[in-house]
Amino acid sequence: MQRFQGKTVVVTGGGGGIGGATARRFAVEGAKVAVYDMNLAAAEKVVAEIRTAGGQAAAFQCDITDRAQVDAAVPATQAQLGPVDVLVNNAGWDIFKPFVKTVPAEWDKLIAINLTGALHMLHAVLPGMAERQYGRIVNVASDAARGGSSGEAVYSACKGGLVALSKTLAREHARHGITVNVVCPGPTDTALLAGVAEGARDPAKLIEAFKSAIPLGRLGQGDDLASAIAFMGSDDASFVTGQVLSVSGG
Ligand code: NAD
């Protein structure tokens, strides 16, 4: 079934682990996928994989913390692939440090990427979606927003903010045919998780601790998240809005 035939989907952080799997999933199901990443080479690699598999995609270098780059990328996407039907706000960054050891410059960077970046993207695409009376927004937060996570205080605050923002936008935009939902990964086997573990005294031990706390007994994989994100981005979820789905092995 081609759930996304004729649809244009933007995936931010689409060059990364969860974003790459998500971009590939939408493309396999018929979407034209705009892969946004500040790392153009990573975005281009995902686009090449999609095209090799027979799908449609284009790479856009876009640092979501920079409004000018967002304001350039969205019309460029529309010109190349059509107006944006689905936005997956997935780009993110994290560090692992006790809160009292973090410094304001780190808070600023965490907030800029994990919260303000999502705001820029939403502000850029929502007016067009409202005009066309159709839109699917999937914001990728974290289980850290729901239960807290030692060593990830400011990151958790950003992701909690993203959850609250999503619930509010879901209410504001329901009358425009736009749904806004959240997918919360648990520990997932990507570069981000490896980077977080680097902040621990014993990275391997931290990953093992994350894994052993997961009832289903393994780390998440990009494809686990892609399935849930694609559901929230599809018309199968047309009566679902303002919801938060953990995809974390329990
Ligand atoms: P990843 O590091 O594999 O991918 C993140 C991608 O985002 C990278 O390609 C990176 O270049 C891009 N990116 C970072 N800052 C950007 C910016 N300012 N503008 C544009 N692109 C930017 O990480 P991932 O694990 O795939 O993370 C995807 C999302 O999932 C993030 O929002 C993350 O917070 C969330 N998440 C991940 C985990 C996990 O354990 N991996 C757990 C909970 C939540």
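Look up: the structure comes first, before these words.
Residues numbered from 1 in each chain as written. Predicted model: local features only at pLDDT ≥ 70, side-chain atom pairs only at ≥ 80, totals over all residues. Heavy atoms only, no water.

Caption draft 1: Region of the structure containing the overall build of the protein. In terms of helices and strands, the protein carries 9 helices and 7 strands. For 250 residues, the compact-globule estimate of 2.2 N^0.38 gives 18 Å, and the protein sits close to it at 17 Å. Seen through its C-alpha atoms, the protein measures out along the principal axes to roughly 50 × 35 × 35 Å. Considering only contacts within the protein whose residues lie at least 6 apart along the sequence, 71% involve residues at least 24 apart. (Helix = DSSP H or I, 4+ residues; strand = E, 2+ residues; numbered from the N terminus. Rg over C-alpha atoms; globule rule 2.2 N^0.38 Å. Contact = heavy atoms within 4.5 Å.)

Caption draft 2: Here's a closer look at the pattern of salt bridges. This structure, assessed with the given rule, holds 9 salt bridges. A salt bridge links D236 to R3; the shortest N-O distance between them is 2.9 Å. Separated by 233 residues along the polypeptide, D236 in the loop between α9 (222-232) and β7 (244-247) and R3 in the segment before β1 (8-12) bring together distant segments of the chain. D236 gets classed as partly exposed once you look at its relative accessible area, which sits at 48%. R3 sits in the partly exposed class, given a relative accessible area of 22%. The salt bridge partner of E49 is K45, with a shortest N-O separation of 3.6 Å. Taken together, the residues E49 and K45, both in helix α2 (residues 40-52) and 4 residues apart, mark about one turn of the helix. Given a relative accessible area of 30%, E49 falls into the partly exposed group. In this structure K45 comes out as exposed when scored by relative accessible area, which is 56%. One connected set of salt bridges, linked through shared partners, spans R3, E29 and D236. (Salt bridge = Lys/Arg side-chain N within 4 Å of Asp/Glu carboxyl O. Buried < 20%, exposed > 50% of the residue type's maximum accessible area, 1.4 Å probe, protein only.)

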